[in-house]
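The residues making up each chain are set out below.
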Amino acid sequence: MFTDHRIGYVTSPAPLYYEQFTTAGGGDRPVIVLLHGGLLTGACYLGTPDGRPGWAHDFADHGYDVVVPDWPGIGRSGSVAEHALSGELVCTALGALLERLGRPVVLLGHSMGGAYVFRVVETHGHLIEALVAVAPAAPGNLQPQPTVTAETDTEIEVLAPGTRWRFPKTGAFVATEEFVLDKLIGRDATRFPRHAVDVFRAGLQPLPAPLVLERYNLKGSGVRVERPDNFAGLPALVVTGSADLEHSREEDGATAVWLAGLGADLEYRFLADVGITGNGHMLMFDDNSREIAGSIAGWLAEKAPSARRR
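A few points on the structure.

Criteria and cut-off values
Residues numbered from 1 in each chain as written. Predicted model: local features only at pLDDT ≥ 70, side-chain atom pairs only at ≥ 80, totals over all residues. Heavy atoms only, no water. Phe/Tyr/Trp six-rings, centres within 6.5 Å; stacked < 30°, edge-to-face > 60°. Lys NZ or Arg CZ within 6 Å of the ring centre and 35° of its normal. 1 Å grid on protein atoms, 1.4 Å probe; cavity = no way out; pocket = protein on both sides within 12 Å on 5 of 7 lines; lining within 4 Å. Points joined across faces, edges and corners; volume = space filled by probe spheres on them. Helix = DSSP H or I, 4+ residues; strand = E, 2+ residues; numbered from the N terminus. Nonpolar A, V, L, I, M, F, W, Y, C, P; charged D, E, K, R; others polar. Core = buried A, V, L, I, M, F, W, Y, C linked by side-chain atoms within 4.5 Å. Buried < 20%, exposed > 50% of the residue type's maximum accessible area, 1.4 Å probe, protein only. Contact = heavy atoms within 4.5 Å. Polar contact = N/O pair within 3.5 Å; in protein donor to acceptor, adjacent residues only side chain to side chain. Pairing = 2+ DSSP bridges. Axes fitted to C-alpha atoms, helices over the stretch in contact; angles between N-to-C directions.

With that out of the way, let us pick up the packing of aromatic side chains. Evaluation of the coordinates by the stated rule reveals 13 aromatic pairs. The structure contains a cluster of three or more aromatic residues connected by ring pairs, namely W165, F167, F173, F179 and Y216. Lying across the ring of Y216, R215 places its NZ or CZ 4.7 Å from the centre.

This part covers the layout of surface pockets. Its boundaries defined by the atoms lining it, the largest pocket holds a volume of some 370 Å³. Q143, P144, P161, R215 and E251 are, among the 20 residues lining the largest pocket, the residues nearest its centre. When residues of the lining of the largest pocket are traced back to their parent elements, those giving at least two are β8 (155-160) and α7 (249-261). In terms of residues, the lining of the largest pocket owes the most to one element, α7, which gives four residues. The residue inventory of the lining of the largest pocket, partitioned by class, reads eleven nonpolar, five polar and four charged.

If you look at the biggest cluster of nonpolar residues, it comprises 98 residues, and the most contacted ones within it are L34, W55, F59, Y116, F200 and I296. At nine residues, the largest contribution of residues to this core is made by helix α2 (residues 87-101). In this structure F200 touches L40, P49, V180, L184, I185, F192, M282 and F285, once residues within four positions along its chain are discounted.

We now examine the environment of Y17. Within the secondary structure layout, Y17 lies in strand β2 (residues 16-23). Using a relative accessible area of 5% as the deciding quantity, one classes Y17 as buried. As for Y17 and G75, which are separated by 58 residues in sequence, their C-alpha atoms are 8.4 Å apart. Apart from residues no more than four positions distant in its own chain, Y17 is found in contact with I7, G8, Y9, V68, P69, D70, R76 and S77. Polar side-chain contacts of Y17 include one of 3.2 Å to the side chain of R76.

With that settled, consider the environment of L107. Structurally, the position occupied by L107 is in strand β5 (residues 105-110). You can call L107 buried: its relative accessible area is 4%. With residues near it in sequence (within four places) discarded, L107 still touches V33, V117, V120, I128, A130, L131 and V132.

We now examine the sheet that holds strand β12 (residues 235-240). Spatially, β1-β2-β4-β3-β5-β6-β12-β13 is the arrangement adopted by the eight strands of the open sheet, whose pairing is mixed. Either end of the sheet is taken by a strand with one partner, and the two such strands are β1 (2-10) and β13 (265-270). The mean inter-strand angle of the sheet, taken between neighbouring strand axes irrespective of direction, is 15°. Contacting β1, β2, β3 (31-35), β4 (66-69), β5 and β6 (128-134), α2 crosses the sheet at an angle of about 35° to β2. α7 contacts β6, β12 and β13 of the sheet and is inclined by roughly 170° relative to β13.

This next bit is on empty space enclosed by the protein. Inspection of the entire model under this criterion finds two cavities of 30 Å³ or more. For the largest cavity, the calculated volume is near 120 Å³. Sorting the residues of the lining of the largest cavity by element identifies α4 (177-186) and α6 (209-215) as the ones contributing at least two each. For the lining of the largest cavity, the leading source of residues is α4, giving three residues. Looking at side-chain class alone, the lining of the largest cavity contains ten nonpolar, four polar and two charged residues.

So, in structure tokens, the structure goes:
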């Protein structure tokens, strides 16, 4: 249960809005920073489309203080000029947020946010107690450049695992019905509350073109991680659902192997391997979201207190 709720802003190097939730007794633990993925805001952790409490509440029930930011240029974080917006800017602003918090953190990133939290470990690893990557995008130095299947002056079509997507070169990508149902929810997923798809769709944000093109590593533009220093001994968990179109066992398994190669104390949970099936990309919205949050909290209780690297 939350005992206090505050909002704040990082103003430099880019405006970043965040919400901070305090729990009774949470001060003796790392604070959990929950980073959203593309087309979303931090609101994805506050509640589910069908009205259940979100992961922020679930982690609070396990005794953790929680911080939920919006990326610069997204949601309540204010606008950033398109020519200035990049994944690197998002990561730098997140680093400034961690510095402001002044406490060790558990950094959890979902989807595109996964690539960002990997970069923040590289730059601010001294502030990070543990890392959780939920269906994470791979960094640019791991992810292959995509095959371009069509291109015009204004749009580009790229081949992605299981399908192909067409994105604008400027402006913003607005999720198509196919993208919502196949990529975000999962065409074969059974855990998403499909009676609430309209509510989910209503909360989606336009994704600025520079960020979505970086996400697919067009021309090698994805956010990169070069130095392994801050990964050595870092407890790290990768969690993937069994019905996630672009995050197969092999795709996210390669990211897990990469993290282990950097020296992280790595655990990879492909949920079907522990008997949990039917989850797509939006694990924090699925009907077993509370169970998954509890599993992550259990891993943290085991790993984070005993794995301090400082």
